[in-house]
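# Reading the structure
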Amino acid sequence: MSTQITTQKKVNPYIVAISILLPAFMSMVASSATNVCQPHIAGYFGATPYEANSIITAYIISGGIMLPIFGWWVNACGKKAVAYWSVSLFCLGCILCLLSKDLHMLILCRVVQGAAGGALLPLAQAVLLETFPPEKKGVAMGFFGFAAMFSPLFGPFVGGYLTDNYSWQWVFIMNIPICLISLVLIKFFINDTAERTNTKRKLDIVGLFAIILGMGCMQIVLDKGEQFNWFDTYWIYWLTLISVVSFVFFYVWELEGKKPIVDVRVFKDRNFLIGTMISSFINIMLYGTLLLIPMFVQNILGYSPFFAGVSVFPRAISCFIGLLVMGKIADKVENRILTAIGLVIMGGSVFMFSRLNNTSSLESIILPNIILGIGIAVTFVPVSALSFLTLSKTKLADAAGLHALFKNIVTAISTSAVSTFVTRVSQVHQNYLVAYLSGTNLNFHYKILLLKTKFMTYFAPYIAAKKANGYLYKQMLSQAKLCAFYDIFLLLALMCILAIPLILLFKMPRKKKITTTIRAYYRIFKHRGVI
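Parameters and conventions
Residues numbered from 1 in each chain as written. Predicted model: local features only at pLDDT ≥ 70, side-chain atom pairs only at ≥ 80, totals over all residues. Heavy atoms only, no water. Helix = DSSP H or I, 4+ residues; strand = E, 2+ residues; numbered from the N terminus. Buried < 20%, exposed > 50% of the residue type's maximum accessible area, 1.4 Å probe, protein only. Contact = heavy atoms within 4.5 Å. Areas by Shrake-Rupley, 256 points an atom, 1.4 Å probe, with all protein chains shown as cover. pLDDT = per-residue confidence, 0-100. Axes fitted to C-alpha atoms, helices over the stretch in contact; angles between N-to-C directions. Parallel < 35°, antiparallel > 145°, perpendicular 65-115°, else oblique. Disulfide = S-S within 2.5 Å. Phe/Tyr/Trp six-rings, centres within 6.5 Å; stacked < 30°, edge-to-face > 60°. Lys NZ or Arg CZ within 6 Å of the ring centre and 35° of its normal. Arc of directions from axis to C-beta. Expected span 1.5 Å × (residues − 1). Patch = residues over 30% accessible without salt bridge, like charges linked within 9 Å, V, L, I, M, F, W, Y side chains within 5 Å. Salt bridge = Lys/Arg side-chain N within 4 Å of Asp/Glu carboxyl O. Left-handed = near helix turned anticlockwise from the far one by under 90°. Nonpolar A, V, L, I, M, F, W, Y, C, P; charged D, E, K, R; others polar.

## Looking at the overall build of the protein chain
Counting secondary structure elements, the protein chain contains 21 helices and two strands. Scored against the burial criterion, the 531 residues of the protein chain give a buried share of 51%. In the protein chain, of all internal contacts separated by at least 6 residues, the share reaching a separation of at least 24 is 83%. Carbon and sulfur atoms form 68% of the exposed surface of the protein chain, whose accessible area is close to 25000 Å².

Written out as structure tokens, the structure is:
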């Protein structure tokens, strides 16, 4: 037997949206703001880029560990208590990050910060779906998309600005006053509603241990895989195997267990399964390009972290405007059509990135980013509405947690895969391009003599020859990496097109007017003996 516990206070749903979206927005900004200041953090602690990459993946993975227990936590404590604890722990994580004395302590503090932030986004989704009436689901998902899509795009801009003008520590300092404001808003405007049972629901320790083991091993593999040449190292192979087995065990255990930590049967709902898959793909496009564009701007074009953040900021603006507009359009236009249009726009914009080169200006990156932001907004809102369209309200908390968990895992894997792809494929192109750096190649011979002549103005002939060779070799490495960026952008564009057929699998509810009309005509024809 269950009882519904609800406060009698009625609050305008738009005020509730602001109150719950502010901490969710903050947690998502924290996930991407460190992307552009990662080299500065590595230099501050004297670490390698591979080691500093852990500050990003540690946040993502630790947030994912909290997602399976999100439904249990909400049902046991209520949404208001979950919001209080999450924001308070997030604030504590920010303070600990500022006090870190070495990189290992910073990574551990990022784990605390990520664990707190992991529950805030699905919590916002559950609160919005519960607060807004059914006819306003599109508006609710438009607000949710603001936090889920706009904030990761806004993060690099803020992180780059603070790092260039102040220091990387300000990326964590800025969250502290936002946490305090969020606690006040939660106190006055979030209703404490929860489905609680008379018998205390126990936490599934076995299931929790399985997901922690799986996510933990996955994080180590993603962090250290490239550094230790992936599966050429035995312990990487075994950790990958343990991670996969743990995920499979978690699913089977939660499916067959008497008191599961989360109801994985929500994946039997076709709309939820397909919507989660497409939403995960949107995350691949969002976070993949969010890593690739700043990397391209810094490594290929040679800009600073601030301008790397500026390069993706126009996408944030277009995405923000698109989400506000799509919240209303999604309630009037067929959601599957909007999703297909959004995927085509995303594919076209990413294809435009593949036309860039090492002489491109910063302005040439703005237009594809603006179009990509529009495509993400057009796709995200209808997919979110379709994913939860056929689920009952009692399953929203579990569904929101699993939805976010699945996207979290795919995002972590794709982020590491994109970085590895650029590194490995650039080496492949390097093997082909190095064949042209030969004395038998007349063009290469001409370039060497020309550069040597210029360098001899300041250096001895022997040193000038070495510098000429080094300069051309550096150009070759830049061209090889540029070719790798071409390949990954084309691959992402192709994936957008291949994802469109999945839209046909969505199940749409029949409209009552159409059904009533058909039944009326059926009775008339039957009465007249036509059928």
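## Brief notes about the confidence of the model for the protein chain
Summary statistics for the protein chain give a mean pLDDT of 78 and a share of 88% for residues scoring 70 or more. Within the model, the stretch residues 194-199 combines pLDDT values under 50 with 21 contacts to residues more than four positions away or in other chains. Confidence drops under a pLDDT of 50 for residues 512-531, and excluding neighbours within four residues, the segment shows five contacts in the predicted structure.

## A word on the packing of helix H7 (residues 103-118) against helix H8 (residues 120-131)
It is the contact of H7 with H8, at a shortest axis distance of 5 Å, that shows an interaxial angle of 10°. When the interaxial angle is binned, H7 and H8 end up roughly parallel. Along the contact surface, H7 presents Ala 116, Gly 117 and Gly 118, while H8 presents Leu 120, Leu 121 and Pro 122.

## Quick look at the environment of Leu 323
Inspection of the secondary structure assignment puts Leu 323 in helix H15 (residues 305-329). The spatial distance from the C-alpha of Leu 323 to the C-alpha of Phe 146 is 6.3 Å, given a sequence separation of 177 residues.

## Digging into the state of the cysteines
One pass over the structure, following the stated rule, counts zero disulfides. Cysteine Cys 109 remains unbridged, with the sulfur of Cys 97 as its closest cysteine sulfur at 5.0 Å.

## Side note on the packing of aromatic side chains
For any pair of aromatic rings, geometry is given as the distance between the ring centres together with the angle between the planes. As enumerated under the stated definition, the model contains 11 aromatic pairs in all. A ring pair is formed by Tyr 161 and Tyr 166, whose centres lie 6.5 Å apart and whose planes are at 65°; its orientation type is edge-to-face. The ring centre of Phe 459 lies 4.8 Å from the NZ or CZ of Lys 467, which sits over that ring.

## Thoughts on helix H2 (residues 38-45)
Those residues of H2 that sit buried are Gln 38, Ile 41, Ala 42 and Phe 45. Along H2, the residues classed as buried sweep out an arc of 100° about the axis, all on the same side. Exposed residues on H2 whose side chains face more than 90 degrees from its buried face are Gly 43 and Tyr 44.

## Remarks on the side chain of Lys 407
Take Lys 407: it is sitting in helix H18 (residues 396-433). Apart from the residues lying within four places of it in its own chain, the contact partners of Lys 407 are Ser 279, Ser 280, Asn 283 and Phe 380.

## Details of the environment of Val 171
The residue Val 171 is located in helix H10 (residues 170-173) in this model. Classification of Val 171 as buried rests on a relative accessible area of 2%. A sequence separation of 73 residues divides Val 171 from Leu 98, and the C-alpha atoms of the two residues are 9.5 Å apart. Discounting chain neighbours no more than four positions away, the residues touching Val 171 are Ala 33, Thr 34, Cys 37, Gly 159, Leu 162 and Thr 163.

## Focus on the side chain of Thr 289
Tracing the backbone shows Thr 289 in helix H14 (residues 270-299). Using a relative accessible area of 0% as the deciding quantity, one classes Thr 289 as buried.

## Here's the deal with helix H13 (residues 234-256)
Turn by turn, an α-helix covers 3.6 residues, leaving residues three or four places apart pointing in a common direction. End to end, H13 covers 33 Å across 23 residues, agreeing with the expected 33 Å (1.5 Å per residue, within 8%). Every buried residue belonging to H13 is among Ile 236, Leu 239, Thr 240, Ser 243, Ser 246, Phe 250, Glu 254 and Leu 255, and all of these are buried. Next to the buried residues of H13 lie helix H12 (205-224).

## Considering the environment of Val 422
Assignment of secondary structure puts Val 422 in helix H18. Along the backbone, Val 422 and Ala 484 are 62 residues apart, and their C-alpha atoms lie at a distance of 5.3 Å. Setting aside residues up to four positions removed in sequence, Val 422 forms contacts with Leu 292, Met 295, Lys 481, Ala 484, Phe 485 and Ile 488.

## Concerning a nonpolar patch on the surface
A cluster of nonpolar side chains, Phe 231, Tyr 234, Tyr 237, Trp 238, Leu 241 and Val 245, forms an exposed patch at the surface whose accessible area comes to about 710 Å². One can find Leu 241 in helix H13.

## With respect to the packing of helix H4 (residues 54-66) against H12
Where H4 meets H12, the axes come as close as 10 Å, and the angle between the chain directions of the two elements is 165°. Viewed along their axes, H4 and H12 adopt a mutual orientation that is roughly antiparallel. The handedness of the crossing between H4 and H12 is right-handed. Contacts between H4 and H12 involve Ser 54, Thr 57, Ala 58, Ile 61, Gly 64 and Ile 65 from the former and Ile 212, Met 215, Met 218, Gln 219 and Asp 223 from the latter. Among the residues making up the contact of H4 with H12, the classes are represented as six nonpolar, four polar and one charged.

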